[in-house]
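One letter stands for each residue in the lines below.
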Amino acid sequence: VQLVESGGGLVQAGGSLRLSCAASGRTFSTYAMGWFRQAPGKEREFVAVISWSGSTHYTDSVKGRFIISRDNAKNTVYLQMNSLKPEDTAVYYCAAGPGWIITRLREYDYWGQGTQVTVSS
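Note that the structure is predicted; figures quoted are calculated from it, not measured.

Caption draft 1: Spatial organisation of the overall build of the protein. Check the secondary structure of the protein and you find zero helices and eleven strands. Starting at the N terminus, the α and β elements of the protein follow one another as β-β-β-β-β-β-β-β-β-β-β. At 13 Å, the protein has a C-alpha radius of gyration in line with the 14 Å of a compact globule built from 121 residues. Taken along its principal axes, the extent of the C-alpha atoms in the protein is 40 × 25 × 25 Å.

Caption draft 2: Fine view of unusual backbone geometry. Of note in this structure, N75 is not a glycine but carries a positive phi near 50°. Counting through the fold element by element, N75 comes out in the loop between strand 7 (66–71) and strand 8 (76–81).

Caption draft 3: Molecular detail of the sheet that holds strand 1 (residues 3–6). Reading across the sheet, the four strands line up as 1-3-8-7 and stay open at both edges, with antiparallel pairing between neighbours. Edge positions in the open sheet fall to strand 1 and strand 7, since each of these has one partner strand only. Averaged over all neighbouring strand pairs, the angle between strand axes comes to 15°, with direction disregarded. The sheet contact formed by strand 3 (residues 17–23) and strand 8 spans six bridges and is antiparallel. Across the sheet, the residue bridging to L19 is L79, located in strand 8.

Caption draft 4: Quick peek at the environment of M81. As for its position among the elements, M81 is in strand 8. Overall, M81 belongs to the buried group, its relative accessible area being 0%. Setting aside residues up to four positions removed in sequence, M81 forms contacts with G15, S16, L17, L19, R65, F66, Y92 and V117.

Caption draft 5: Main features of the nonpolar core. In this structure, M33, W35, L79, M81 and Y92 are the most contacted members of the largest nonpolar core, which totals 28 residues. Those elements giving two or more residues to this core turn out to be strand 3, strand 4 (32–38), strand 5 (45–50), strand 7, strand 8, strand 9 (90–97) and strand 11 (115–120). F36, F46, V49 and Y108 belong to the second largest nonpolar core, which has seven residues in total.

Caption draft 6: Broad picture of the pairing of strand 4. Here strand 4 lies mainly inside the structure; six of its seven residues are buried. Bridge count for strand 4 against strand 9 is seven bridges, and the pairing is antiparallel. Bridging from a neighbouring strand, Q38 pairs with V91 of strand 9. In this structure, strand 4 lies alongside strand 5, joined through five bridges in antiparallel fashion. Paired with F36 across the bridge in strand 5 is F46. Counting the residues in the hairpin turn of strand 4 and strand 5 gives six residues, including G41, whose phi is positive at 80°.

Parameters and conventions
Residues numbered from 1 in each chain as written. Predicted model: local features only at pLDDT ≥ 70, side-chain atom pairs only at ≥ 80, totals over all residues. Heavy atoms only, no water. Helix = DSSP H or I, 4+ residues; strand = E, 2+ residues; numbered from the N terminus. Rg over C-alpha atoms; globule rule 2.2 N^0.38 Å. Pairing = 2+ DSSP bridges. Axes fitted to C-alpha atoms, helices over the stretch in contact; angles between N-to-C directions. Buried < 20%, exposed > 50% of the residue type's maximum accessible area, 1.4 Å probe, protein only. Contact = heavy atoms within 4.5 Å. Core = buried A, V, L, I, M, F, W, Y, C linked by side-chain atoms within 4.5 Å.

Spelled out as structure tokens, the structure:
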């Protein structure tokens, strides 16, 4: 599985962005798809995950602001980010793994190259 993120950019606080992650491979629909982020000087952290059947889970800091979704026909997963805050600034990565609702980095087998999101105050 190869993953390619897009949709990052510079946005003012309170604004919105939608990230996309296009996947190659026939087994996309069977994988859990996650979004992680890494801010400068910090460890990569879990943001959101969606199972193959559409169940979702979010880290507390983005609940009510971010929405993860997937379109298995297009082999694409999305992260709609609303009410963005400066602390959301990071490189965002999508990842694919064989589990259900998985939140740990080591549970994911495939990673994209990342897309930068910068939120100005």
